Amino acid sequence: MASENTRHSYNLALFESYLKDVRTGTASSMFSLLFITVISFQVVDSKLLSIWFALVLSTAAIKYFSYSFFKPDFDAQALAHFENWHHFSQALSGLAWGSACFFLLKTGELNVNESLVLNMLCVLVAYSAVVMSASSTGMLTFVTPIISCMMIYFAMDLAQYHWWFVATLLMAGASAIFGKTNKKHVLSQVENQLLNKRYIDELNRVKASVQKANLNLVRKNDALIIAQDRLKMLATNDELTQVFNRRHAMTYLAKVFAELERHPDDFVLALADIDHFKSINDRFGHPAGDQVLRGFSSTIKKQLRQVDTVARYGGEEFLIMLPKTKELEGRALIQRLCDKVADNTYQFNDQEVKVTASFGLAFYKVGDTVESLIERADQALYHAKKSGRNNVKTHYEADMAAYLASA
């Protein structure tokens, strides 16, 4: 099946190339028609000349305009029908041209004008053999009627025209040989065109396949980037509150303390705890507790500076880290956070509920570790809760309370 399709494509391309050449040749032959008409106008009966002129012109016009019905996507059957019609029109056109021997020539010795007519017919035969060489059948259906008419005319008075008769035979043979030789060149061109087309089609197919693969790769890469971003966010962020998680907070603190060991500076750490959080879950359910956690973290993030960091430390506890912040400045900032949290209200089961939080502050001292600073902040938080909640306490205040209690 594949070889049949290839053969049909080859035949179609060959015939299309042949038709283009024939159309050019038909248009060019009109110059020969005009030349013969002009030289015969004074010596040939005008009625005979007009009939011959009309025959040639009408058959040439039919043949010329019939090419527009050719379709490059013809199937094998349609191509065969078109070829048959074309060869029939070629034969009619060849007969019209060959009839010049009977319409324009007289019997007896040829004069200069008649010799020119015969020479033009010979030129037309030779030219057609070249132009139509892509199709032997197409060439023969046009050239054979012309040569046949000439030989019939010469055979009518062979004694007078025997040299013309022989010359016509030689011309017919030479034209056939030349046409056959030229056909090889035409066939080679068509084969190269088809081969190039197949290469181009294959390249386009490969190009389309590569583009599709690239598009799929881009989509997969985009999906991978999204997945990586998602994993990165999950690795560093708390999914519920959208603040940093405990792991990231500890990593961040480790980097901060490494820098503080080299270059000591002010640093404040606050540990916050939402007051009576368990009772919210018990009274209104865990979705209410999740809403409080999201609201608390959102309030904290809005109040913090760009250099500050907040992370969910665990449950309802949050770490707030304030770099390059002095003690009084840090105390004021955390107190503002405490007041903002207390201003918030939540609607649960048509009840308006206020939620507060307690904050414990620890200030960095040279020689501190991450663990020691968090421990002091935790002690300060414990003192804030014992002091009635909804307040801010420092580790200094926790130490003083512990000292007074032990005294």
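Quick caveat, the model's predicted, so the values are computed rather than measured.

## Looking at the overall build of the protein
Helices and strands together make up the secondary structure of the protein, namely 13 helices and 7 strands. Put simply, the protein has 407 residues, and 40% of those count as buried. Considering only residue pairs separated by 6 or more positions, the protein has 69% of its internal contacts joining residues 24 or more positions apart. Summing over all exposed atoms, the protein offers an accessible surface of approximately 22,900 Å²; the carbon and sulfur share of this is 60%.

## Observations regarding the sheet that holds strand β2 (residues 309-314)
Read from one edge to the other, the open sheet built from 5 strands follows the order β2-β3-β1-β6-β7, with strand pairing classed as mixed. Both outer strands of the open sheet, β2 and β7 (392-394), are each paired with one neighbouring strand and no more. Going from strand to strand, the sheet's axes swing by 25 degrees on average, the running direction of each strand aside. Bridge count between strand β6 (residues 357-363) and β7: 3 bridges; the pairing is parallel. The residue bridging glycine 360 from the neighbouring strand is lysine 393, located in β7. Seen against the sheet, helix α13 (residues 395-406) touches β6 and β7 and runs at an angle of roughly 75 degrees to β7.

## A few points about helix α9 (residues 277-284)
Buried within α9 are the following residues: Phe277, Ile280, Asn281 and Phe284. One side of α9 holds all its buried residues, which, seen down the axis, span an arc of 100 degrees. In this structure, α9 carries Lys278, Asp282 and Arg283 as exposed residues pointing more than 90 degrees from its buried face. On its buried side, α9 packs onto β1 (267-274), α10 (286-303), β4 (345-348) and β5 (351-354). Phi for glycine 285, located one or two positions after α9, is positive at around 95 degrees.

Scoring rules and cut-offs
- Residues numbered from 1 in each chain as written.
- Predicted model: local features only at pLDDT ≥ 70, side-chain atom pairs only at ≥ 80, totals over all residues.
- Heavy atoms only, no water.
- Helix = DSSP H or I, 4+ residues; strand = E, 2+ residues; numbered from the N terminus.
- Buried < 20%, exposed > 50% of the residue type's maximum accessible area, 1.4 Å probe, protein only.
- Contact = heavy atoms within 4.5 Å.
- Areas by Shrake-Rupley, 256 points an atom, 1.4 Å probe, with all protein chains shown as cover.
- Pairing = 2+ DSSP bridges.
- Axes fitted to C-alpha atoms, helices over the stretch in contact; angles between N-to-C directions.
- Arc of directions from axis to C-beta.

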